[in-house]
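What the coordinates show
Single-letter residue listing:
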Amino acid sequence: MRYRHLSTAALALGIVVLTDVLRVFLPSVITIFGQAATTPAELLGAFALGWFVLALAFPPLVRRLGVRPVTFAAAVALGGARLALTAAPGGRTQLWLATVGLLAGLLWLAGTATTTGRPVPGLALGIALGAVVHAVLGTYDLVWRGGPVGWAGSVALVAVFLVVAARPARQAEPGGARAWLLAGPALLLTGLVALSPAAAATAASYWRGPGGGLSWPPEAGDVPTLPAWAVGIFLLAALARPPRGRWRLAGPLALVVGAVLFATRDAGLLGPAVVLTAAGTGACLALADAVPPAAAPPVAVPPVAVPPVAVPSAGAAPSVVPSSAAASSTPGVAPGRPGLAAVLGMLLFAVAAVGYYAAYDLGYPNAAVPVAMAGLVAAVALGGPRRATSTPPRRWVRGIAAAGGLVVLVATGLPSGAFAPLRPGTPPAAVRVVAYNIRMGFGLDGRFDPDGLARVVARERPDVVVLGEVDRGWLLNGGHDTLALLAARLRMSYVFAPAADPLWGDAVLGRFPLAAARSERLAPAGAPTGAQALGVTVDLGGGVRLAVVATHLQPPPGREPVAQARAVAAFALRYAAGLPLVVAGDLNTEPGAPGYAEFTRAGLVDALASARPLPTSPADEPREQIDHVLVSAGMRAADPVAPRSIASDHLPVAVTLALP
């Protein structure tokens, strides 16, 4: 392979490995180093940002010790940390392995930047490849999986990366610092929305069902191709020759508009936001990678090695300057600038990611964060030359177009993941209900384990499942669609209602048909993540229906959710309209407390009362019963339990309810 192809392949594979490490490091900060909503968000943010700030020392280190040995050693450390994370048992070991992998990845990136002046082809392919693998794996990445398949994929990825990274290093071509500065912001925007398979699939799910701002699963034969189209559009925009004239504004404008749509938190606008940010991010990368025609490196002329140059000095023996130093004096090449730009770009990634998600704990508005990042990317992209050339020749564009089409065709052949609900002719005499705060799919050990969550729920043989803290694509948590993963394992249909934003909220799953869903937002009570009440009618057959209301109350620290509890109770009674009623979820109030009293005052009965005390939090040493199942009068409860598990920081509660 040509050197440029090897360089592109090494950068692309390294981005995939580094992205895997980031998908472990970021959630480990809030599940292992601290506890989200308990540990001060300022402390969590300082810990996360500190490592990116430390990486600013890497570019001088690379220049001082030599590009080749430092970059390859960092690549080995990055690959080793990536494999060790798959074997890690979680806990502090996972946190520090992820931290070592992050630092090694940033050091590798700084070294790679000094030898890869035109990085956009490698960056774009790496970001796209990471998104495709993430989507094919159903957002349950290999880094979290063990077993033969998980290990085979992980070892193959790291081995190929290290083999390609062992290529001879060369001096960077002119330019490149502008494109390297956008590496971190591009990772942020693509992970936040543009190339997030979970965000795209969730956006498509809002278009199904009767509407009302709720998310429904795909119908049989319905194929969500939005993630595949987003990847194809991104690659075509990034690898095409940048447009000239006023058309140069199209990509940056699309990016800013897409970020604004995403910032509105309107579920119906999430799909257009995905497409526009994908196209805009790719186009801005292409503009940033361009150089003036006069400065474009010759392609037909092979590189010429520069011999060592003797530099005499007065009164001293002649010294020898290595060829790399001679090359670094080439006009237009600033040694160290690309490496510093790459690390600064990753620092921008960290600042924006921490700033955006910390708002859900601290309470300040965060809509400006993605818009500001998009504006920065657009400004840097437009700061390049007006008439320019780009690295990829036309055959790259044709090849990527064909690859994008292949991705879409493969996506259309994937199963939809829909499950036909059970439609019994005779309604059951009783239903088993499970309520579970799943903490975005992360156990007490800090590992993402949807299989463990599914096993805990499946042991109770539920007919209806109420889930709280459901994450459907937050970058901070690794970009997983936890709801789709659990629904597939439990073979249940679902309805999802957003609380904090379109990707985070509560859900009801069921074996029977779900209908007439409605959600009502609750007034904020000091908890920025927000809260809602989701009403779903379960059709049990034979004209028998059950009203289920799912909620997760969010009181300020040290206070009772009295106002929210009163609002949920009123909504539940209106929604049920005389049907048998179940209200379930993490209510953040204990039996007898003022918030709990609002439900009993409304006539609801504690279905778990016969098993008290039944503490549910924290999962390893439960002391508080804050997860509840309350029912309308006339329903008889049996077999209430809170099975022990550390698949979340809460225990699930389960009870069998006999219908009146």
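Everything here concerns the structure above.
The sections below set out a description of the structure shown in this document. (Residues numbered from 1 in each chain as written. Predicted model: local features only at pLDDT ≥ 70, side-chain atom pairs only at ≥ 80, totals over all residues. Heavy atoms only, no water.)

**Some words on the pattern of salt bridges**
Applying the stated criterion across every chain yields a total of 13 salt bridges. A salt bridge links Asp20 to Arg23; the shortest N-O distance between them is 3.7 Å. Here Arg23 and Asp20 lie together in helix H1 (residues 3-33), a separation of three residues that amounts to about one turn. In this structure Arg23 comes out as buried when scored by relative accessible area, which is 14%. The partner of Arg472 in a salt bridge is Asp481, and the shortest N-O contact between them spans 3.0 Å. Exposure class is identical for Arg472 and Asp481. Each is buried. Salt bridges here are not isolated pairs; linked through shared partners, they connect Asp20, Arg23, Arg82 and Asp141. (Salt bridge = Lys/Arg side-chain N within 4 Å of Asp/Glu carboxyl O. Helix = DSSP H or I, 4+ residues; strand = E, 2+ residues; numbered from the N terminus. Buried < 20%, exposed > 50% of the residue type's maximum accessible area, 1.4 Å probe, protein only.)

**Regarding the sheet that holds strand E3 (residues 430-437)**
Strand order in the open sheet formed by six strands is E5-E6-E4-E3-E14-E13, and the pairing between neighbours is mixed. Of all the strands in the sheet, just strand E5 (493-501) and strand E13 (636-641) have a single pairing partner and so form its edges. Sheet twist, expressed as the average angle between the axes of neighbouring strands with direction ignored, equals 20 degrees. Bridge count between strand E4 (residues 464-471) and strand E6 (residues 504-510): six bridges; the pairing is antiparallel. Each residue of the ladder has a partner; that of Leu467, found in E6, is Ala507. (Pairing = 2+ DSSP bridges. Axes fitted to C-alpha atoms, helices over the stretch in contact; angles between N-to-C directions.)

**Describing the packing of aromatic side chains**
Within a pair of aromatic rings, the relevant descriptors are the distance that separates the centres and the angle that separates the planes. The tally for this structure, following the rule as stated, stands at 19 aromatic pairs. On the numbers, 5.9 Å between centres and 75 degrees between planes, the contact of Trp144 with Phe442 is edge-to-face. Of this pair, Trp144 sits in the loop between helix H6 (120-136) and helix H7 (147-165) while Phe442 is found in the loop between E3 and helix H18 (450-458), placing the two residues 298 residues apart along the sequence. Joined through ring pairs, the aromatic side chains of Phe262, Tyr356, Tyr357, Tyr360, Trp474 and Trp504 make up one cluster. A cation sits over an aromatic face here: Arg472 above Phe496, 5.2 Å from the ring centre. (Phe/Tyr/Trp six-rings, centres within 6.5 Å; stacked < 30°, edge-to-face > 60°. Lys NZ or Arg CZ within 6 Å of the ring centre and 35° of its normal.)

**Thoughts on the packing of helix H11 (residues 226-239) against helix H13 (residues 270-289)**
Where H11 contacts H13, the two axes come as close as 7 Å, and the packing angle between them is 20 degrees. As the angle between them shows, H11 and H13 are arranged roughly parallel. The chirality of how H11 crosses H13 is right-handed. Contacts between H11 and H13 pair Leu226, Ala230, Ile233, Phe234, Ala237 and Ala238 from the former with Gly271, Val274, Val275, Ala278, Ala279, Thr281, Gly282, Ala283, Leu285 and Ala286 from the latter. (Parallel < 35°, antiparallel > 145°, perpendicular 65-115°, else oblique. Left-handed = near helix turned anticlockwise from the far one by under 90°. Contact = heavy atoms within 4.5 Å.)

**Some words on the environment of Gln625**
You can see Gln625 is positioned in the loop between strand E11 (605-606) and strand E12 (627-631). Residue Gln625 is classed as buried on the basis of its relative accessible area, which comes to 5%. When the C-alpha positions of Gln625 and Thr589 are compared, they lie 7.6 Å apart, and in sequence the two are 36 residues distant. Other than its neighbours up to four places away in sequence, Gln625 contacts Thr589, Glu590, Pro591, Asp606, Leu608, Arg612, Leu614, Pro615 and Thr616.

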